[in-house]
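Residue-level structural notes
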Amino acid sequence: MPQPENLLIIVNSGADKAYNQYAAYVVAFMAKQIAKVSNVTVYYGPQGVGIAKKGTLASFAIQDSVKKLIADQVEGLSPKDLPDNLEKLARFEKDQLGVNLVSCATFHVIDGFATTVDDKSNIEDFITPVKLPQAVEALLGADKIVYF
């Protein structure tokens, strides 16, 4: 099976579907580190934009038992290498691995935590709000789409 160059991970669920949030970041990590996919994007869609609000990802703790469970499956990874929450993991993936983290700015406004599509005041600084044309570009430009 050919390796994708552009992987789009769509997270279209909120805090009530915690496992989807964890899974999206594990898949992004594995795609960059193990599969060596060039361009990996985590995209928060209409039902998932609430995760982009400041402080939300920090509320998803990564327990020591889960760190061990994950590290035991990845050669060269130690539980102490893993952060304590998804915000720290997201920042690492963006800053160190080059994972793109984006969310749909239109739904920030519809959901009520932004006043315009350019309003970033309540959005995590490491997540880029995208307008509809950019969202469609990401969807149409992906070689592979994974949906959570």
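This write-up is about the structure you can find in this document. What you see is a predicted model; the values in this text were computed from it and never measured.

What counts, and at which threshold
Residues numbered from 1 in each chain as written. Predicted model: local features only at pLDDT ≥ 70, side-chain atom pairs only at ≥ 80, totals over all residues. Heavy atoms only, no water. Patch = residues over 30% accessible without salt bridge, like charges linked within 9 Å, V, L, I, M, F, W, Y side chains within 5 Å. Areas by Shrake-Rupley, 256 points an atom, 1.4 Å probe, with all protein chains shown as cover. Salt bridge = Lys/Arg side-chain N within 4 Å of Asp/Glu carboxyl O. Helix = DSSP H or I, 4+ residues; strand = E, 2+ residues; numbered from the N terminus. Buried < 20%, exposed > 50% of the residue type's maximum accessible area, 1.4 Å probe, protein only. Contact = heavy atoms within 4.5 Å. Core = buried A, V, L, I, M, F, W, Y, C linked by side-chain atoms within 4.5 Å. Phe/Tyr/Trp six-rings, centres within 6.5 Å; stacked < 30°, edge-to-face > 60°. Polar contact = N/O pair within 3.5 Å; in protein donor to acceptor, adjacent residues only side chain to side chain. Pairing = 2+ DSSP bridges. Axes fitted to C-alpha atoms, helices over the stretch in contact; angles between N-to-C directions.

For the rest of this paragraph, the subject is a nonpolar patch on the surface. A contiguous nonpolar patch, built from Val136, Leu139, Leu140 and Ile145 and spanning about 370 Å² of accessible area, is present on the exposed surface. On the secondary structure map, Ile145 appears in strand E5 (residues 144-147). Overall, the relative accessible area of 42% leaves Ile145 in the partly exposed class.

This part is about the side chain of Lys67. Note that Lys67 resides in helix H2 (residues 64-71). Ignoring any residue separated from it by four or fewer positions in sequence, one finds Lys67 in contact with Ile62, Pro79, Leu82, Pro83 and Asp84.

Ranked by internal contacts, the top residues of the largest apolar core, which has 41 residues, are Ile9, Tyr25, Val42 and Leu57. Those elements giving two or more residues to this core turn out to be strand E1 (6-11), helix H1 (18-33), strand E2 (39-44), helix H3 (86-97) and strand E3 (100-104). Once you skip the residues sitting within four places of it in the chain, Tyr25 turns out to touch Val42, Tyr44, Leu57, Leu86, Leu89, Ala90, Glu93 and Leu101.

The subject of this paragraph is the packing of aromatic side chains. A complete count under the given rule lists one aromatic pair for this structure. Ring centres of Tyr22 and Phe60 lie 5.9 Å apart, and the angle between their planes is 85°; on these two criteria the pair is classed as edge-to-face. Taken as a pair, Tyr22 in helix H1 and Phe60 in the loop between E2 and H2 lie far apart in primary sequence, 38 residues in all.

Our focus in this paragraph is the side chain of Gln21. Among the secondary structure elements, Gln21 is positioned in helix H1. Taking the relative accessible area as the measure of exposure, Gln21 reaches 0% and is therefore buried. At a separation of 2.9 Å, a polar atom in the side chain of Gln21 contacts the main-chain carbonyl oxygen of Ser13. If near-sequence neighbours (up to four positions away) are discounted, Gln21 is found in contact with Val11, Ser13, Gly14, Tyr44, Ile51, Phe60 and Leu86.

The element E2 is largely enclosed, with a buried count of five among its six residues. Taken together, the six bridges between E1 and E2 define a ladder with parallel strand orientation. By the bridge assignment, Val11 is partnered in E2 with Tyr44. Pairing geometry for E2 and E3, over four bridges, is parallel. Bridging across to E3, Tyr44 finds its partner in Ser103.

This part is about the sheet that holds E2. What the five strands build is an open sheet, ordered E4-E3-E2-E1-E5; its pairing is parallel. Each of the sheet's edge strands pairs with one partner strand only, and the pair in question is strand E4 (128-130) and E5. Strand after strand, the sheet turns through a mean of 30° between neighbouring axes, direction not considered. Across the sheet, H1 lies against E1, E2 and E3, angled at about 170° from E2, the strand it touches most.

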